[in-house]
Amino acid sequence: MTPLLQVEHIAKFYGSRIGCTDVSFDLYPGEVMGIVGESGSGKSTLLNCLAGHLTPDRGAVRFDTRADGLRDTVTMSEPERRMLSRTDWAFVHQHARDGLRMNVSAGGNVGERLMAVNARHYGEIRAQAIDWLGRVEINEDRIDDRPTAFSGGMQQRLQIARNLVTGPRLVFMDEPTGGLDVSVQARLLDLLRGLVREMNLSAIIVTHDLAVVRLLADRLMVMKDGHVIETGLTDQVLDDPQHAYTQLLVSSVLQV
Amino acid sequence: MIRIENVSKSFVLHNQGAAEIPVMQGASLRVAAGECVALVGASGAGKSTLMRMLYGNYLTASGQMIVGDLDVAKAAPREIIQLRRYTLGYVSQFLRVVPRVSTLDVVAEPLLMTGTSMDDAHAQAEILLARLNIPQRLWPLSPTTFSGGEQQRVNIARGFAYPYPALLLDEPTASLDPTNRATVLDMIAEAKARGAAIIGIFHDAAARDAICDRQLDVTQFTPGLAA
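Every value quoted in this text rests on a predicted model; they were computed, and no experiment measured them.

Trainee: Hey, could you run me through the overall build of chain A in this one?
Mentor: Across its full length, chain A carries ten helices and ten strands. For a compact globule of 256 residues, the expected C-alpha radius of gyration is about 18 Å, and chain A comes in at 18 Å, within 12% of that figure. Reported as C-alpha extents along the three principal axes, the dimensions of chain A are approximately 55 × 45 × 35 Å. Burial status across chain A gives 47% buried among its 256 residues. Expressed as a percentage of contacts within chain A between residues at least 6 apart in sequence, the contacts between residues at least 24 apart total 64%.

Trainee: Is there a simple way to think about the overall build of chain B in this case?
Mentor: Along its length, chain B carries seven helices and nine strands. Relative to the globule expectation of 17 Å for 227 residues, the C-alpha radius of gyration of chain B, 18 Å, shows essentially globular dimensions. Counting only C-alpha atoms and orienting by the principal axes, one finds that chain B spans roughly 50 × 40 × 35 Å. Among the 227 residues that make up chain B, the fraction classed as buried is 44%. When contacts within chain B are restricted to residue pairs at least 6 apart in sequence, long-range pairs at least 24 apart make up 70% of them.

Trainee: Quick question: what am I supposed to make of the interface of chain A and chain B here?
Mentor: Note: interface size is frequently given as the accessible area lost on complex formation between the parts. With 22 residues of chain A in contact, the opposing surface of chain B contributes 17 residues. Elements with a contribution of two residues or more to the side of chain A that touches chain B: α7 (182-199), β10 (227-233), α9 (234-239) and α10 (244-251) of chain A. Here the side of chain A that touches chain B takes six residues from α7 of chain A, the largest share from any one element. A per-class count over the side of chain A that touches chain B returns seven nonpolar, five polar and ten charged.

Trainee: Hey, could you run me through the sheet that holds strand β6 (residues 88-91) of chain B in this one?
Mentor: Strand-to-strand pairing in sheets goes through backbone hydrogen bonds, with the strands running parallel or antiparallel. Residues and elements named next belong to chain B. Ordered in space as β6-β7-β8-β3-β9, the five strands form an open sheet in which the pairing is parallel. The open sheet has two edge strands with one neighbour each: β6 and β9 (214-217). Neighbour-to-neighbour, the strand axes of the sheet open up by a mean angle of 20°, direction not taken into account. Pairing analysis gives five bridges linking strand β7 (residues 166-170) to strand β8 (residues 197-201), with the strands arranged parallel. Paired with Leu 169 across the strands is Gly 200, a residue of β8. Taken strand by strand, helix α6 (residues 178-193) contacts β3 (36-40), β7 and β8, and its axis lies near 150° from that of β8.

Trainee: What is the right way to read the packing of helix α4 (residues 118-131) of chain B against helix α5 (residues 148-161) of chain B from this model?
Mentor: When two helices pack together, their arrangement is given by the angle between the helix axes and the distance between those axes. Residue and element names in this part refer to chain B. At a minimum axis separation of 9 Å, α4 and α5 run at an interaxial angle of 135°. In this view, α4 runs oblique relative to α5, as classed from their interaxial angle. Seen from above, α4 lies across α5 with right-handed handedness. In this structure, α4 uses Gln 124, Ala 125, Leu 128 and Leu 129 to contact α5, whose residues at the interface are Ala 157, Phe 160 and Ala 161. Looking at side-chain class alone, the contact of α4 with α5 contains six nonpolar, one polar and no charged residues.

Trainee: How should I be thinking about helix α6 (residues 152-164) of chain A in this particular structure?
Mentor: Helical geometry note: an α-helix holds 3.6 residues per turn, so side chains three or four residues apart project in the same direction. Residues and elements named next belong to chain A. For α6, spanning 13 residues, the distance from its first C-alpha to its last is 19 Å, which sits close to the expected 18 Å at 1.5 Å a residue. Residues Met 154, Gln 155, Gln 156, Arg 157, Leu 158, Gln 159, Ile 160, Ala 161, Arg 162, Asn 163 and Leu 164 constitute the buried set of α6. On its buried face, α6 is in contact with β6 (89-92), α3 (96-99), α4 (106-116), α5 (122-135), β7 (170-174) and α7.

Trainee: Help me understand the sheet that holds strand β1 (residues 5-14) of chain A in this model?
Mentor: Residue and element names in this part refer to chain A. The sheet built from four strands is open, its strands ordered β2-β1-β4-β5 with antiparallel pairing. The sheet is open, and its two borders are formed by β2 (17-27) and β5 (69-72), each paired with just one other strand. Geometrically, the sheet is characterised by an average inter-axis angle of 20° between neighbouring strands, direction not taken into account. The pairing of β1 with β2 spans seven bridges and is classified as antiparallel. Residue pairing across strands places Ile 10 opposite Val 23, the latter belonging to β2. Against the sheet, helix α1 (residues 43-50) contacts β1, β2 and β4 (58-65), and its axis sits at roughly 125° relative to β1.

Thresholds, definitions, all that
Residues numbered from 1 in each chain as written. Chains lettered and ligands numbered in written order. Predicted model: local features only at pLDDT ≥ 70, side-chain atom pairs only at ≥ 80, totals over all residues. Helix = DSSP H or I, 4+ residues; strand = E, 2+ residues; numbered from the N terminus. Rg over C-alpha atoms; globule rule 2.2 N^0.38 Å. Buried ≥ 20, exposed ≤ 12 C-beta atoms within 10 Å, placed from the backbone. Contact = placed C-beta atoms within 7 Å. Nonpolar A, V, L, I, M, F, W, Y, C, P; charged D, E, K, R; others polar. Pairing = 2+ DSSP bridges. Axes fitted to C-alpha atoms, helices over the stretch in contact; angles between N-to-C directions. Parallel < 35°, antiparallel > 145°, perpendicular 65-115°, else oblique. Left-handed = near helix turned anticlockwise from the far one by under 90°. Expected span 1.5 Å × (residues − 1).

Taken by themselves, the reported measurements are silent on function.
In structure tokens:
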């Protein structure tokens, strides 16, 4: 089986500081990988390098494109990369306002992604928007409201609908449940798990919340100071951590 | 079906003076299809550890851990994910679920993961829950608020939803009343009859004698405990 994403020796430096370095892994279709580490460990830098928001200083990020198979997204042209990020990729930001247009209606936010891939029929776009609002549990009668009138959890669900409406194959998520209260978080996790299974999505989730990765991710990567220090099956890394830092991380979680 | 050859394992606690604790040495075991083997030994002897190593939940330091045609001790994460999806089931002592997900969906999930349709998976889950005496009014609720015995039964229903060729059972009959205990023993017997290779931990000696073909004392593999 061809991996959906093949990452080889990615490195990003901020001047002489290490953002992240020597990161390599393969991600297969349907797999969800978590990246954990404390703030400053390089996990967001890595995610942004993978998603084409930052240009890595070294390494290759090969994505299995529908037309030509594995292509290095670091060296491909800007229009090609932007096309990927509108079709096969999705990026869910921690703060919904970074991923939404706050002064456009909820329906417009979902419809915009569709229009970017050349949907033009108003009725069809609106029907798809309604369908997706339903799937993320937003009531149809809120379709013409702006996200500014939504709660934090609803904004996050709207962002997910906007991202998934084009049927992407790879979703990048940066702390998707950060800043939400726990009951909203649980609902969002349940929603994401269902979508991953139904759409056979692959996902890379950056978070510092070990409980979130245990429930969502098949595999886990632990980062510290820009380096990957441990990888493996999620439950194995959490239940039998090998590296001193991972042991510290796992044992520091407060029990509820 | 299951072949464990000369495996060892130790825990290194880096944050507690790098203490190295050997927990398993020279463990070997073979389980054929349709056979049930009980792991016995005092608490702390390594019964659950051996089971978790076999499931890929704990890393194996050396030796072979073969389930079907995969060596779990050396397998890549995605190979273990496939193994857990289609070949190796595990009923742990504790239920771990996403909050808010209904009991019916919790039990149906292993079937959905293997491509069964939602309707068929739910139908199968309903049969199992009814058989294990979980009241129907509880099915739409999340099991997180259930009693210990109810959670245990939901966990068993989930573990038996898909017909895995190999099963690991960690105390499946603990905290169950006699009626449900008998049902669970029946389910284990049925799994054996369809050819599943089973490794179990049973503190309940009567249950162990009723269902297991032989037993293995893991104390002999515990470094520092063996005579």
